[in-house]
Amino acid sequence: MNEYVKIKGMGYATAQRRVNNTDFTWLDTSDEWITSRTGINSRYVTETENTSDLALRAAVSAIEDAGIDKRDIDTIIVATFTPDMLTPSVASILQAKLGLNDCPIMAFDLNSACTGFVMAFQTVSAFIQTGRTKTALIVGAETLSKVMDWHDRGTCVLFGDGAGAFICTNQGTQHVASHFANSRGDLEDVLSAEGLKLQDISDAQPLTSGTLKMQGQAVFRFAVDAISDGIRQVIEKSGLTLDQIDYIIPHQANLRIIAHVASKMKIPQEKFITNLERFGNTSAASIPIAMAEAKANGILKEGQRIIMVGFGAGLTWAGSTVEL
Ligand code: ACO
């Protein structure tokens, strides 16, 4: 049996509190520094909602967009590295919140940091191809504010909370799906986080552990190579040329990273869909949020060919081509 994945619906949810660059009054930083170095103007930070709550809102929106009966969902995968708790998985909590307790569902989380959603898409594509899955809900959801050191200006200004979701079915007719993924586990020190704790960012105390630690410049260099490699690999595997790709949706980390890739690979910048200026880096949620928003705005349409390409802690990187 060889079935193809169809992205039937997309949805996203942002956290309640919008934090503008000028709101970081307790940091030695400026709107000018953040905007010019990253392209980010604002991000959304959760106040009361946990990862599963954001995932739920994104999932409900994707189910609505797909026009499916939610009881047809047989697989839920949540890509996250900021789950509500270590166990049960956000996917199982989400199943309950969706009122699907009596439905037979394979539910699990997947942690590949910012690359997680592309990995979830590749996993579900493989399940669909073998007939194991017919209708899947895949979600990228993060409450990164829990693992931020809100006194570390080099990291906390970059990230935001949010969730994005796809309904994937076996009704795809496309033949251009190609996937690539890689990992460099030895580069763990470059980007890592431990522990999970909700924080009130207005009254945050300096944390000594459990926060995201990052060597910014090393990640920057890795990211440019990883995105370029991801694009090259999936293009080669798909047998397509870049001209046949309508849009590239990269992990939304830094506009300068995307600009570097565009210039290095001689790809027009308009081919890259970005919304990081409003959402910051939402890790595993960034690609589905960017795609769901672009679809809602009429930019992404049926029949278009796209590349999703992510990179993140691990270090990991991955890309997929798909026809909408
Ligand atoms: N405001 C003002 N100054 C700052 C800030 C800030 N928010 N942050 C750092 N600086 C200072 C530094 O302390 C440094 O000061 P110094 O020269 O006195 O030492 C100066 O600015 C320059 O710092 P750099 O680190 O060289 O700045 P750079 O231009 O590299 O930008 C940044 C830093 C934005 C972090 C960049 O390196 C970057 O985007 N890297 C990639 C990060 C990324 O994508 N992370 C996500 C990975 S995905 C995942 O899995 C989570």
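Residues numbered from 1 in each chain as written. Predicted model: local features only at pLDDT ≥ 70, side-chain atom pairs only at ≥ 80, totals over all residues. Heavy atoms only, no water.

*Asks:* Give a detailed account of the pattern of salt bridges, specifying residues and quantitative values.
*Replies:* Overall, the coordinates contain 9 salt bridges when judged by the stated rule. Its salt-bridge partner being Arg153, residue Asp28 comes within 3.5 Å of it at the nearest N-O pair. One end of the pair, Asp28, is in the loop between β2 (17-20) and α1 (31-38); the other, Arg153, is in helix α5 (residues 153-156), with 125 residues separating them in the sequence. Glu323 is paired through a salt bridge with Arg305; the nearest N and O atoms lie 3.5 Å apart. A residue pair is termed long-range when its members are at least 10 positions apart, and Glu323 in strand β13 (residues 316-323) and Arg305 in strand β12 (residues 305-312) qualify at 18 residues. Residue classification places Arg305 among the partly exposed residues on the basis of a relative accessible area of 24%. (Salt bridge = Lys/Arg side-chain N within 4 Å of Asp/Glu carboxyl O. Helix = DSSP H or I, 4+ residues; strand = E, 2+ residues; numbered from the N terminus. Buried < 20%, exposed > 50% of the residue type's maximum accessible area, 1.4 Å probe, protein only.)

*Asks:* Now, about the site of the ligand: what can you tell me, with residues and values included?
*Replies:* Not every one of the 27 residues close to the ligand is listed here, only the nearest: Thr29, Arg37, Cys114, Gln217 and Asn254. Arg153 places a polar main-chain atom, nitrogen or oxygen, 2.9 Å from a nitrogen atom of the ligand. Gln217 places a side-chain nitrogen or oxygen 2.4 Å from an oxygen atom of the ligand. Computed on the free molecule, the ligand has an accessible area of 1000 Å², of which 75% lies beneath the protein chains in the complex. Residue assignment for the shell around the ligand shows that the elements contributing at least two residues are α1, α5, α6 (216-238), α7 (255-265) and β12. (Near = heavy atom within 4 Å. Polar contact = N/O pair within 3.5 Å; in protein donor to acceptor, adjacent residues only side chain to side chain. Areas by Shrake-Rupley, 256 points an atom, 1.4 Å probe, with all protein chains shown as cover.)

*Asks:* Describe the nonpolar core, with residues and values.
*Replies:* Within the largest apolar cluster, 49 residues are counted, with the highest numbers of intra-cluster contacts made by Ile231 and Phe311. Breaking this core down by element, the ones donating at least two residues are α6, α7 and β12. Sorting elements by how many residues they give to this core places α6 first, with 10 residues. Among the domains, domain 1 (2-173) and domain 2 (177-323) are the pair contributing at least three residues each to this core. With sequence-adjacent residues up to four places away left out, Phe311 is seen in contact with Cys114, Thr115, Val219, Phe222, Ala223, Ala226, Ile227, His251, Ala253, Ile257, Thr316 and Trp317. Ile7, Phe117, Ile287 and Ala290 belong to the second-largest nonpolar core, a separate cluster that totals 31 residues. (Core = buried A, V, L, I, M, F, W, Y, C linked by side-chain atoms within 4.5 Å. Domains from an automatic or database assignment. Contact = heavy atoms within 4.5 Å.)

*Asks:* Which residues make up the environment of Ala15, and what are the values?
*Replies:* Note that Ala15 resides in the loop between β1 (4-14) and β2. When the C-alpha atoms of Ala15 and Val90 are compared, they prove to be 17 Å apart, with 75 residues separating the residues in sequence. If near-sequence neighbours (up to four positions away) are discounted, Ala15 is found in contact with Tyr44, Val45, Thr46, Leu54, Arg57 and Asp161.

*Asks:* Account for the sheet that holds β1, naming residues and giving values.
*Replies:* Pairing in this open sheet of 5 strands is mixed, and the strands run β1-β7-β6-β4-β5 from one edge to the other. Every interior strand has two partners, whereas the edge strands, β1 and β5 (106-110), have only one. On average, each strand axis in the sheet is tilted by 15 degrees relative to the strand beside it, whichever way the strands run. Where strand β4 (residues 75-79) lies against β5, 5 bridges are found, and the strand directions are parallel. Residue pairing in the sheet places Thr75 in a bridge with Met106 of β5. On top of the sheet, helix α3 (residues 90-97) reaches β4, β5 and β6 (135-142); it is set at about 125 degrees to β4, its chief contact. Taken strand by strand, helix α9 (residues 286-296) contacts β1, β6 and β7 (162-172), and its axis lies near 95 degrees from that of β1. (Pairing = 2+ DSSP bridges. Axes fitted to C-alpha atoms, helices over the stretch in contact; angles between N-to-C directions.)

*Asks:* Describe the domain arrangement of the protein, naming the residues involved and giving the relevant values.
*Replies:* For the protein, the assigned domains are domain 1 (2-173) and domain 2 (177-323). Of note, the centres of domain 1 and domain 2, computed from C-alpha atoms alone, are 14 Å apart. Taken together, the contact between domain 1 and domain 2 spans 63 residues of the former and 54 residues of the latter. Both sides of the domain 1 and domain 2 interface together cover about 4700 Å² of buried area, and 65% of this is carbon and sulfur. Broken down residue by residue, the surface that domain 1 buries against domain 2 is led by Tyr12, Cys114 and Lys146, which jointly contribute 13%. Between domain 1 and domain 2 we count 2 salt bridges in total. Residue Asp65 pairs with Lys295 through a salt bridge whose shortest N-O separation is 2.6 Å. The tally of links between domain 1 and domain 2 comes to 22 residue pairs in polar contact (both at pLDDT 80 or more). Sort the elements by how many residues they give to the side of domain 1 that touches domain 2 and β1 lands first, with 10 residues. Here the residues of the side of domain 1 that touches domain 2 are counted per class, giving 30 nonpolar, 23 polar and 10 charged. (Buried area = accessible area lost by both parts, 1.4 Å probe. Nonpolar A, V, L, I, M, F, W, Y, C, P; charged D, E, K, R; others polar.)

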